[in-house]
Structures are given as C-alpha cells and as structure tokens.
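Examining the three-dimensional arrangement
Spelled out, the chains give:
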Number of protein chains: 4
Amino acid sequence: MLELPIDPEIIDDDNARHDAALTADYAALGHQLARRGLSIDAVTAKVASFHVALPSWGVGTGGTRFARFPGPGEPRGIFEKLDDCAVIQQLGRATPGVSLHFPWDKADPAELKAKAQGLGLVFDAVNSNTFQDHPHDPKQPLSYKFGSLSHADAAVRAQAVDHNLETVEIGTALGSTALTVWIADGSNFAGQSDLGRAFDRYLQSMKAITARLPADWRIFAEHKMYEPAFYSTVVQDWGTSYLAATELGPKAFCLVDLGHHAPNVNIEQIVSRLIKAGKLGGFHFNDSRYGDDDLDAGSIDPFRLFLVFNELVEAEDRVAALRPAHMLDQSHNVTDPIESLIRSAGEVRRAYAQALLVDRAALHGYQDDNDALMASETLKQAFRTDVEPILALARLKAGGAIDPIGAYRASGYRAKVAAERPAVRGTGGGIV
Amino acid sequence: MLELPIDPEIIDDDNARHDAALTADYAALGHQLARRGLSIDAVTAKVASFHVALPSWGVGTGGTRFARFPGPGEPRGIFEKLDDCAVIQQLGRATPGVSLHFPWDKADPAELKAKAQGLGLVFDAVNSNTFQDHPHDPKQPLSYKFGSLSHADAAVRAQAVDHNLETVEIGTALGSTALTVWIADGSNFAGQSDLGRAFDRYLQSMKAITARLPADWRIFAEHKMYEPAFYSTVVQDWGTSYLAATELGPKAFCLVDLGHHAPNVNIEQIVSRLIKAGKLGGFHFNDSRYGDDDLDAGSIDPFRLFLVFNELVEAEDRVAALRPAHMLDQSHNVTDPIESLIRSAGEVRRAYAQALLVDRAALHGYQDDNDALMASETLKQAFRTDVEPILALARLKAGGAIDPIGAYRASGYRAKVAAERPAVRGTGGGIV
Amino acid sequence: MLELPIDPEIIDDDNARHDAALTADYAALGHQLARRGLSIDAVTAKVASFHVALPSWGVGTGGTRFARFPGPGEPRGIFEKLDDCAVIQQLGRATPGVSLHFPWDKADPAELKAKAQGLGLVFDAVNSNTFQDHPHDPKQPLSYKFGSLSHADAAVRAQAVDHNLETVEIGTALGSTALTVWIADGSNFAGQSDLGRAFDRYLQSMKAITARLPADWRIFAEHKMYEPAFYSTVVQDWGTSYLAATELGPKAFCLVDLGHHAPNVNIEQIVSRLIKAGKLGGFHFNDSRYGDDDLDAGSIDPFRLFLVFNELVEAEDRVAALRPAHMLDQSHNVTDPIESLIRSAGEVRRAYAQALLVDRAALHGYQDDNDALMASETLKQAFRTDVEPILALARLKAGGAIDPIGAYRASGYRAKVAAERPAVRGTGGGIV
Amino acid sequence: MLELPIDPEIIDDDNARHDAALTADYAALGHQLARRGLSIDAVTAKVASFHVALPSWGVGTGGTRFARFPGPGEPRGIFEKLDDCAVIQQLGRATPGVSLHFPWDKADPAELKAKAQGLGLVFDAVNSNTFQDHPHDPKQPLSYKFGSLSHADAAVRAQAVDHNLETVEIGTALGSTALTVWIADGSNFAGQSDLGRAFDRYLQSMKAITARLPADWRIFAEHKMYEPAFYSTVVQDWGTSYLAATELGPKAFCLVDLGHHAPNVNIEQIVSRLIKAGKLGGFHFNDSRYGDDDLDAGSIDPFRLFLVFNELVEAEDRVAALRPAHMLDQSHNVTDPIESLIRSAGEVRRAYAQALLVDRAALHGYQDDNDALMASETLKQAFRTDVEPILALARLKAGGAIDPIGAYRASGYRAKVAAERPAVRGTGGGIV
C-alpha cells in the first residue's frame, strides 16, 4: 500500500481547475495531428510509458565553487531525499526510478528498498564517488586529490576499484543493474600527468571493475571535457569513452551527459555515432549555456534536446538492441529542486513527444532528394507543435497533475518540510 | 626592522649554487641583445621595478564545486596569510603588495599594518564580497542568493552598498587607494531577471558607492561572462563594464581578469580599447583553458600573456595617464599556493620583459608597410627570447632567490607551518 | 499598377487547400490565448505590421572559401534580384524592403525606383563594400587587401570614405535613409596591425563619412569578431562598436548581426545594453552554430531568436526612441534562396509573435519575487505556443500565401527563371 | 644534377652576415644545455633529420568566402608551384616532400617526377578533391553540392570513389604511398541528412577505396568539425575518424589537422589517444584562433604546437610502429606564401627541438609524485629555451640559410617570378 507525500485531493482539486482547458486543447491538437496522419492517443501512450530517472542528489540545492545558498527544507539524508523524489513522481508520473550515489546515500539496503516501495519508487543505476575524499569512510583512507582510477599510486587505484565494487554490491541488493562511473581524474597543467599512461591506468582499473560485474549489469562511463580538471580529463570526450568501452567489452557503454562537451559540439551526432557503434549506454539530461552548467533540461536550448530525441526515435525501429538509460543530472541553485526536477522531466518527455511527431517517411524522402529546406522544416514543424496537452493528459491518466508545479505549490509541501527539517546555512560550494 | 620568514642564509646558499650559471647566461643574453641594439641592464632595471600584487585568498588551497582538497599548513587567518605572502615576496621580490578581501580578512587595521610593515609588505586594492552570505556578520543579515548590488530588493542593495563602503573605510585605514568590485549577480534562466532593469539597479548602487569614495581612490569594476550565474551576469563583458565606468565618472575604471571572457576572445585588443577609452583600471592575472579556470598565469597560453604586455608597453610612452593595477587572482587546487604564486609573479614579469624586447620602431615600420610576416616575426622574436637570466638577476639584486622555487623547497617552510597549523580536511568546494 | 511575378490564381488555389485547417487552428489558438487574457487578432495585427528587409545579395547562392555550387536560375543582376525579392514579398508579405549593396547593385537610380515600385518594393538601408577589390570601378583603383577605412595608407582610406559617400548619394536617390558599414579590416597575425592606431584611423574615416550624411540619415556600424581577419578585426565586438558610435555622435548606431559573436555570448543581453545606451541601430538576422555561418534565421537555435525579440518587445513600451532596422543577412548554399528567405522572414515574425504572447505583468512579478522557475516558464510558455496560424493569417489577409513555400513550388517560378537565366557553373571559393 | 632556383652565392653572402652571431649563440646555448645534461649537437642532428611536407596548393594566395587578394607572381600551374616549393626547401632544408592535390595538379607523371628530381624534391601523400565540382573533368560530370563519398545518390558516390582511385594511381606513378581524404560532406540544417545513414554510406565508399589500395599504401582520413557544412560534417571529430579507421582496417589511419577542432579542445590529448589506439596517421600543421583559420603554424599559440610534439617525442621510444606523416596545410592570405611556408616549417621544427629538450626522466618522476608544479615547469623550461641557433645550424649544415626569410628577400625571387607570371586579379570568394 503506497503512502504518497501529497494528499491526492489537492491534486484532484488542482486538476479540476484545468480539466476543461485540457480537454479543449487536447481535442484541437488531436484534430491537427489527425490532419498530419497522426493519432494523438498513440503518441500519448508512448509518452506515458517513457520514464527518466531522478538523481537522489538533485533534490538538494547545488552551488558553485563560490557559494551555495541553501533553500528551506533541504533533505538531510537519503530517506528524506526519497520523500522528495516521491513528490516529483506523484505529480509528474515520469520519474519512478531514483539513481543513488555512494557513499552519500549509504543506508541499510533493506530499509531503502522498503522505503522506496512504500513511495512507489524503484532504484535505477548506482553511482560511485571517487571525486571527493571520504574522511569518515574507513575503507577510503587515501585521498583522491590527484586522481582515483587513474592515480599514479596503485594503492589509490585499488581503493577506488574497491569502492566501485562495493557500490555494485549495494546496487545489487537494491535491484539496480547498472553502474555509472564518473571520475574527476585529470590535470590542471600540461605535464602534470602523462596523458597516455594515465589512460592506461584508467583502463586497467575499469577492467578490474568490469570483470567482477554481475552478469546482468552494465557499466556506463561518463566523459567530460573539463572541470574539475582544467587542462585535461582522462575521459575527455566520446572518442576516449568509446575507445575505453571497446576495450572493456560488451558490458561497457558510453553515457552522454549533455553538459560535458566542448562549445558548439553537435551532441545529437555523437548520439548517432554511439548508436551505430552499439555503445550508447544512456543519458544524463540537463542543459547548459557555457559549460557544465547543469541547468534544467530544455531551459537553454530546447531545440537541441529535441534533436537528441529525434536521433533516438529515428533509431528506435532500426536498432533492436538500443535501450539507453535516461536520467536527469542537474544542479539546482536558484530554484526549488523539486520544481526544477518536475519540469525537467516534463521537458525530456516534451522532446520525446515532439520527436514522435516527425513525419519520418517524408523526412527520409527529402533527405534522399537533397531537399534541405523541406527536411529542415519537417523537423521544425514537429518541434514547434505545442505538445503540452499530450504531456498533461499522460500525467493525468497516470494519477498525476495537469499542472504539476501549480499543484505542488498548492500542496504546501515545501513549507511543511521546511518546518520539519532544520535549515543548514552552508557557506561551502559543491553539489552535496 | 624586517622579520622575514625565510632564513637569508638558505637563500644565499641556494643562490651560490646557481650564481655561475646565471652569470654566464646573463652575459650571453646580454651580447645577443646588444646585437639587437638593446641594453640588458636597462631591461633588468625596468623588470625589477615592476610589481604585481598578491591576493590574500590565493595562499589558501582552492577547489571546485565538487571538492576542495586542502594541502598541509594552510593559513588559518589573515595574519598567517600575510606570513605566506611574505615568503613569496622575500624569494621573488616582485610582490610587495597584498590585496585583501572583506569580510574574510577583517582584523584590527593597526595590527594589520604593523604586521605587514614587519614583513616588508604594503596593501594594494581592497575587495568586497557580496557573492557569499555572511551569516556571522551582523551588518549583513540578508542573503545574496539572488544578487547584491543589482538585487530586486532595495534592502539587499543597500546592505551591499554599505558593505562596499565599509570595505573602503578599512582600506583607507590600511593605505589602500582602490576598491575592486566583483559581483556574482546574474541569472541562471532566461527571464529570471530583467536584463535591463538589473543593470539599472547595478548602476544606481555603484553610483552610491562611487559618490562616497575618498578623493584619491579609484573603483575597479570586474566583468565576467558567466559563473556563478549561468545564463547572464550583470557585468558580462568589457562593453558593459565600459558603459558603467562612463556613467560612473572619472573615478571608475574597468578591470580585466584574463579568465573572464568568451572562448577565443582577443583579450589584448580589449586592453587596447580600454586604454584608448581611458578606462583601463588594471588586471587580474591568471590563465585558463576552458573558462574561468584560474590557473597559474602563463601556464596555458604564455603567448597570450605576452601580447597583453605588448599592448601595455606599446602604450607606456603614448598614454601618460596609464597606470594599471596589476594583481594575481588564481585558484591553486593541486599545487602549493606559495609556489604557484612565486612562479606566476615570475611569468607576469617574464611577459613584461619579453614585451620590452620588441623592436618597436621596426614593428611600426612593418605595420605601416603591411609586412604582416615581419611584423609577426618581430613579436615572435621577442617572445622566444629566453629572459630567465633577466628575471633571475632582478630577483638576486633585490635580495631574492635566483631559483625561488628551489630555495623555497630548501627552506622547509611548508613543513614548518604544517606542524604549526592544524590540517583542516574540508569537504566543501569554494575558494575560501 | 503592380506587376507581381506570381500569378495570383496560383496563390488562391493553394490557399484554398489550406483554408479550412487554418480557420480551425486559428480558432483553437484564439480560445487558448483568450484563456491567457490575450486577443489573437491584436497579436495578428501587430505581426502583420512587422517587416524585415531582404538583402539583394541573398537571392543568389552563397558559398564558402572552398566552393560555391550555384543553383538554377540565379539572378544575373540587380533587376532580376528585385524580381526574386518580389516573389518573396508577394508570398510572404513580410518583406517589402530591399537592402542594396554597392557597387554590386549599381544601376540607374530612376530605373531602380521604377522597377521596385512596379513590384511593390521599397529600398531599405544601403550597404557599401570595401571588403573586396573592385578592379572595374575606376573610382576604386587601390586594393583593400590590407584594409579600407582603417588602412595604414591615407589614400586607401580616402578611397573607402569616398565609396561610402557615393553609396549614400545613390541611397538618397533611392529613398534610403541609412548606411550600413561592415568592414573586413583586421589582421591575421599578432603584430600585423597596431590595434590602437588602426582603430583611431577607423574612427577618423567614419567621422568623415558621418559628417557628410544627410540630415535624416543614420549610419550603422556592424561589429564582427573574426573572419575574414583571423587574429583581430577592427570592430570586433559591441563594446568597440558602442565606443565608436559614441564618438561618432547621434547619427551613429550599432548593428547586431546574430552570427558575429564569440561562442556562448548572450546576444539578447547585448541588445538590452544597446537599448539602454540608446545605440541599437538594428539587426542582421540569421542563425549560426559555429561562427558566422549565416544560416537561415531560427534554424539552429530558435529559442535564441525568441529571446532577442523578448528584449525588443520588453523595450517597445519603455523606450520611445527605439526604432531598430530589421534585415535578413544570410548565405544560402544548399537551398533555393527564395525559399530560405521566405521561411526566414517567417521565423523572424514567429519570434516576434511569440514574444508578444509573454505575460509581462506576470513575468515582472516573478522577477521581483526571484521566482526563477516561474519567470523562466513564463517565457517558455510563450515560446512553445505554436503561432503558425497567426503568421499564416497575417500573410493571407495581406494577399500572401498560407503556405508560401508550397505556393512557390506550385508556381513553377524557379523552373521558369532557370529557363530564362543561363546557368553560371562557377568554381568560386577563395583558395583555388 | 640539381637546378635550384636561388643562386647559392646569395645564400652564402647572407649566411656570412649571420655566421659569427650564430656561432656565439650556438656555443652559449650548448653550454646551457650541457649543464642540463643535453648534447646540443645530438639535438641538432635530430632536428636536421626532421622533415615536413609542403602542400602544393599552399604556394598560392588563399582567400575567404568574401574575397581573395592575389599577390604578385602567383604560380600558374603545378610546375611553377614546384619551383616555389624548391625555393622553400633550398633555403629552409626542412621540406623535401611535396603533397599534390588532384585534379588541381594533374600532369604527366613522368614530367612531374623529372621536374621534382631536378629540384631535389620528392612526392609525399596525394590528396583527392571531391569538395568542389570539376566541370572540365569528363570523369566527374556529377555535382558534389550535396556530398561525395556519403552522397545519397550511389552514382555520385561511385564517381567520388573512382576519383580517389585515380588519385592513388597517379600517386603510385609519383612514388607516393599515402592518400589523404578530406571530404566536405555534411549538412547545413538539422534533418538535411540522416546522420547515421550518411556515415554508413561514407564507410561503404571508403571501404571500396581501401580495398583497392596498393599493398604499401596507407589511407588517412581527416576529421573536421564544421565548414563547409555548418550543421554537421560526416567525419566531425577524432572519435568518428577512429571509428571509421577501425572499420576500415590496418591501412586506415586518422589525420589530425590542428585547425579542425571545437573551441578549447585539447589536441595533444587526441594525439595521445590515437597513438595508444595505433591509429595516428599524421598531421596537417597550421595554427588557428577562431576555427579552421589555417594560419601559419605556431603563429597563434606556439605552446600548443610544442605540446603536440611533446606527445610525439614521449611516444617515440615507447611506440615502435609510430611513423606519423607531417605536412603543412595553411592558407596564406596576407603574406608571401613562400615566406609563410619557410617560417612555418621552421616553427614545426622549433616545437620538435623544444620537445627534445624536455628532461623526461625528471618529468616522469614529478608525474609519479604528483608534483604538478615541477612537472609543469619541466615542460615550460624546455619550451622557453630559445632553440633558434639549433634550427639555424641545421639549415646551414644542410646547405640552407641561417636567416631564410632574409636570404629569400635578398634573392629577389618574388620580383623575378612576378615579371614572368602575369597577375591574375581574381575577385574570388564564394558569395559574390
């Protein structure tokens, strides 16, 4: 029996205020799509079955190296984080999975599973953390200041490998089947590390982890161009990530974080290449303007998000083995994290819905005819269709809110938890 | 009577090991420069009189939003920071000035002055801090989460103005004559702030500060393209900084931080434009590869640093009123901050020395003749001259070390302070 | 009596096929907007009165330094270019003005005016060209290889000034009231030109032009970060453009070309700053992914285009004097230029229409409350509204086509002119 | 018997003017290096044996899409191009190989070989050209406007494959053993081409070429992020290039053009990765500030060029199979191409010489100890050594000029050929 954090009556009341408008808009959009030969209900059904995982750390307020400005009612541990995640799922119905991060989220696995079950949540990929020191973890006495899986010192590498294996062990107990590895290894100055040997050591460590992965598990390697290392990172781009995944074998895949690329890079093309190579593991969704800004998905360049989904939908029918993991990975510095995650999950679904509207037969025809303008317009027409009624109905039918932000605000959840959870006026930076 | 932190004998011993080589190299370089019509001693004299200020916060270990990995013997307060600055100055002889940051460095001004005097240091520009909350400062109860000088709420703006004025007051007591203002105001999302009205509020606040500046003071506004705000910053580029400085009047100047620009931007041209406009206030030196990386000056693109100094030397004779402030502003995450600051001051002097070697008469001739290749080669020839003997002799003659890093390591200073200053194993990010 | 290039019956026939759908979609959108407190007809009226000028050179096929691949039926001179422009205006009804470029478009002014009048066109800003040599123009014997208005040689500068004044003279005869100046002056290597003196010479030349501008004329200076000069350009950014416009006085304004900025730069903020400074002259609309790509407006990042218009609409009521010039400036390499210009004019209007839908009272409220999420969503809601019915009805009511690309293809215009205008199989491109 | 274009006496005379200075500088540097444990003569010998190929097209003046401003005495065909290349080799002695481009350089192979032999030149890798149309080549009637090796139309692909095979055939006759393939295939708009299928077609075509490559040949694929396609290119980065090279087998390698990357990308790390993967084929050297600027090697960021060579020298001893091809690929728009190529070859050698000075044992020690500062300084010390005496002596001993630009100017070669070769005042540039 579920115990959801928001009183369903509040949601019902809020929905009642929007119901007539939604009905009208959905009908109008349905007619328009029918003229284009599309069944709106079929699209809504596909959207309803699309899920994106929540990052447990995302429900806390993020910061920069300069400062972190906490908000009221921040979760103090993984159980409160799960409560917040349940709010997001209850209202938006797009995010049943939660991705945990260790050692941050360490707790008794049985308690975690029970808690999640009661909230209607499941556990997605687990994440290791060797980019921070863990002075209170007796198994990790050595510092990661100069690297982890690629560290020059074998003892640090062994510690990092063990931490990853422990994370897999916990994940297994939780029902996860994937490990996401992001390392902060790299250098700040030319010469600081030997670019070649550091990569060799990384491969060696990753092989040690992969070798002991359970049979049904996948391992996702995340590339990132820079930060926290400012001259080089060991897995700096998809090329290196792919090179590694090839060496690591069939369990290893590349994970694409939308914020981890050089300026101007065509991300959807990387997605296309990784699909072709059979190595697309999944996504960390967010948006960015300048670098790894970790802003809300779709908030800066919504067309780019759409184009990523255009590649995924394009490949859906062609590539049988494709089953990318979808996860949000954002830093919420100036918004209520619950609100940002609700809307970001919605934006990811929006991009998917728009991509489903693309007239692919027409598109392929224009492509084969080199009709650049009509090919471009075919995508643009799908993109500019306002699919909000589809998203809203998918939420509504699944028990969620037509206007999830509005319903959330009406619920008074933030004020309630603010009263229960003492404020932590931190001065540090960091994503914790 | 000075009480310098390093035993002069250690320096003398270290110098003795390098003296013969320096003499030989200096002589050889002198002959080479003489062939080019240059007096090496004249260059050395100019270099010796060139100073760059130290940032008090720079002697601590920096970090990123992900983590901070402290080093041994970190200074626990402003007095220990001054000790560390004195080491840098004693060995390098390029950095007699220290730039303080408030409220971080708050202490009794008389004690500060006495301490500095005993170490042979003086105080350079003072810096205000309205990019962090100051929960322990009774005069700053309001949060800067959503801005400071441009905040939508007049009460926050007033608090930020008052903090700046208090900083000026302290600076006056310390003998400073310039206030550097860097604000973190901006937005993470389009729409979050009204780009126009936010700038109007910034101008209004800056006018309130400028109006109460002592007669002999200057105010430096620092522009920055992004971070900690990821969609817009209020003073995002030199254009806005210049627009503001014009409105603020003759005391206001633009400060160029080398790391605060969009990718590929030609920084030396901005320097040229600000000189032309009479609004170049000074520099925050550092280097960067990806963004505001705050790496050691000259470590990533030494030619760029040289080109900035090429503009300054070019203007030295033409523009009488030019007197830019020079300061290091870096974040040392993987090095001993004392070592990074010693070498960075050296790199700034190196760029200056190289710029002094440019054959300007020949350069102007090539420019007027559109001889692009020889004009380019004229700069390159100066840049590729190894001026290390000049820098070393300038240090030696002023009482410093020929090889300041080597002498510092020989001194055992870091081990000594590590024993005296308890380690703080922080987990936060941030530059503090 | 107008003689339009497309048979009106073709347009009527095509419209008849789309009329019912448009009526339904317009009604549905009208209801949705009414719920938001907006009158769709009022929006349509504003959109209908919004115009953007066509570049005469845009109806030819562009290329890169590597090659140019001409299309069929390219116009052989200004009169055929005007024919093509008339097609764009007849179908889209957004582009009555044409911007000429000299000496490319030189012809008898009276004939030009008569031709334009017959096609229902008028002349917008005129453009000078000192970025190419004009070996057949007896008034321009000197080469611009090393610059024009900022050239080291006074004779070249004088020639360039004279060419601009001649362009003004022709423009006056044509009814234009603005001169757009884009220069290619700059350098490929550090040292090649003296950054400061080159700018002084530019200002001197621009003053000579501005001094002889007719009373009702404006002069627009276009900044550009790079290309064709790859180390520095003389007017590299809006800061320099603004500095110049200030020195040049009240007739001088800054023109923002959307493709002329460093990566990641926030263009809408530059628009906001120039509005505040009273120096926004106008726009060259296009889109770009990597640099000055000159792609079709709105094709790469439609949200960015919307945000520019959001600033313009924001300022419309606040800033009485604001009257920016709107012009397309694109390079059509792989599409029929007529089609690209039709849709680009539509995209510019689309962005304007979406910006008109922003609930500004709500937005300002969220901004003042630091409600970043709802402020962001307020813009996003406007942006994701599918305003195509508004654009289509505006065209229809003005005599244009509901589906202008479809109607254009139905008309057979391209095939017709391809038969009349001999193909020029150029091998162009700079490096051959 | 060689017939070199420059009278050896002119070179001797010029050398005589510089000889004493060179002797002194070489001796002084020798002493300095000896103190560092290095034999200057050993370095000079290695530098002397290092060669970089000339691009036949590089001796012509380049341009941009806006204009091309030819210089005096431009070569009118491949035989005159070879004359100019011989000047570069005679003076600089670093460039015995010339890389031809077809169909531009088509001529009787026997005549070409004889001509080259007489000038002391050999032929390096051959280049195909499917980025331009060749209206006068009866074997290439179809247009490459919409692609070549990846074109949607099989007939165009076949034509492009055949052209590459013909290029190999010519190359075989000339003694070349490598084919460099750069294609301009890509798209300007999202949707214009199917990113996945276009890559499949590219692979299919490349396989057809590779299958018919002679036994001792290699094929180099060049990646490029953008331009002439502005939304996507088919081989956009090293990841795609590597993916292709893997599919194509042991004859296929990746070629790194220094100007073909996204902003801020760490090119030396790509070099390191390709070495590790056994797929580094070679380089196109040039420098760039904004994009594919094709400026003179080492002119913009000399430290970057050094770091590339640092990786190559690092791998020299470790990786037996490594034998990268070195070629210049630049566009000379404002300089005499001969001068730019002379100095660029020198800059490449300079970077190599500096990389040879790195104390690798010390570097590896610092790296293993995480001594970031000293590791960084170890590279910087090598970089800032002025190795000009080494370069000059290597030229002198091989029969070249101490000051090759000076000797070239003294020779009057440009004036001589300007008198012989009629000026072509082109108006080039794509958009006209």
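Up top is the structure.
We now turn to the structure provided with this report. (Residues numbered from 1 in each chain as written. Chains lettered and ligands numbered in written order. Predicted model: local features only at pLDDT ≥ 70, side-chain atom pairs only at ≥ 80, totals over all residues. Heavy atoms only, no water.)

Attention now goes to the pattern of salt bridges. Side-chain pairs of opposite charge can arise whenever the charged atoms involved come near each other. Inspection of every chain in the model, using the stated rule, returns 157 salt bridges over all chains. Residue Arg17(B) pairs with Asp14(B) through a salt bridge whose shortest N-O separation is 2.9 Å. Placement of both Arg17(B) and Asp14(B) in helix H1 (residues 8-35) is noted, with a separation of 3 residues, approximately one turn of the helix. When its relative accessible area of 63% is taken as the criterion, Arg17(B) is described as exposed. Linked by salt bridges that have partners in common, Asp296(A), Arg343(A), Glu347(A), Arg350(A), Glu388(A), Arg395(A), Glu377(C), Lys380(C) and Arg384(C) make up one network. (Salt bridge = Lys/Arg side-chain N within 4 Å of Asp/Glu carboxyl O. Helix = DSSP H or I, 4+ residues; strand = E, 2+ residues; numbered from the N terminus. Buried < 20%, exposed > 50% of the residue type's maximum accessible area, 1.4 Å probe, protein only.)

Further remarks concern the pairing of strand S11 (residues 280-285) of chain B. Residues and elements named next belong to chain B. Across the 6 residues that make up S11, a large majority, 6, are buried. With 4 bridges connecting them, strand S10 (residues 252-257) and S11 associate as parallel partners. Looking at the pairing, Leu255 lines up with Gly282 of S11. Regarding topology, helix H8 (residues 267-276) serves as the crossover connection from S10 to the parallel S11, and that connection is right-handed. The pairing of S11 with strand S12 (residues 325-328) spans 4 bridges and is parallel. (Pairing = 2+ DSSP bridges. Right-handed = clockwise from strand over helix to strand, strands pointing away.)

For these two chains of identical sequence, chain B goes onto chain C by a turn of 180° and a shift of 0.0 Å along the axis, with RMSD 0.0 Å. Expressed as a symmetry operation, the mapping of one chain copy onto the other fits a two-fold axis. When C-alpha positions in chain B are compared against the rotation axis, the closest is assigned to Gly239(B), at 2.0 Å. Residue by residue, 100% of the interface of chain B is reproduced at the interface of chain C, so both copies engage with the same surface. (Least-squares fit on C-alpha atoms with pLDDT ≥ 70 in both. Contact = heavy atoms within 4.5 Å.)

A few words now on the side chain of His163(C). All names here are of chain C. Of note, His163 is situated in helix H5 (residues 154-174). Polar side-chain contacts of His163 include one of 3.2 Å to the backbone oxygen of Phe102. Of note is the side chain of His163, whose polar atom sits 3.3 Å from the side chain of Gln140. (Polar contact = N/O pair within 3.5 Å; in protein donor to acceptor, adjacent residues only side chain to side chain.)

Before going further, it helps to examine the environment of Thr378(D). Residue and element names in this part refer to chain D. Secondary-structure assignment places Thr378 in helix H12 (residues 372-384). Residues Thr378 and Tyr366 lie 12 residues apart in sequence; the distance between their C-alpha atoms is 8.9 Å. With residues up to four places along the chain from it excluded, the contact list for Thr378 reads Val358, Asp359, Leu363 and Tyr366.

For the coordinates displayed, the defined rule picks out 68 aromatic pairs over all chains. A centroid spacing of 5.9 Å and a plane angle of 85° characterise the contact between Trp104(A) and Phe131(A), whose relative ring orientation is edge-to-face. Of this pair, Trp104(A) sits in the loop between strand S3 (101-102) and helix H4 (109-119) while Phe131(A) sits in the loop between strand S5 (126-128) and helix H5 (154-174), and the two are 27 residues apart along the sequence. Aromatic pair Phe50(D) and Phe309(D): ring centres 5.6 Å apart, planes at 70°, arrangement edge-to-face. A residue pair is termed long-range when its members are at least 10 positions apart, and Phe50(D) in the loop between helix H2 (40-48) and strand S1 (54-55) and Phe309(D) in helix H9 (residues 302-318) qualify at 259 residues. The structure contains a cluster of three or more aromatic residues connected by ring pairs, namely Phe303(A), Phe306(A), Phe383(A), Phe303(C), Phe306(C) and Phe383(C). The cationic tip of Arg273(B) hangs over the ring face of Phe199(C); the distance from NZ or CZ to the ring centre is 4.2 Å. We note Arg218(C) situated over the ring of Phe253(C); from NZ or CZ to the ring centre the distance is 5.4 Å. (Phe/Tyr/Trp six-rings, centres within 6.5 Å; stacked < 30°, edge-to-face > 60°. Lys NZ or Arg CZ within 6 Å of the ring centre and 35° of its normal.)

Note that every value here comes from positions in space, so none of it alone points to a role or purpose.
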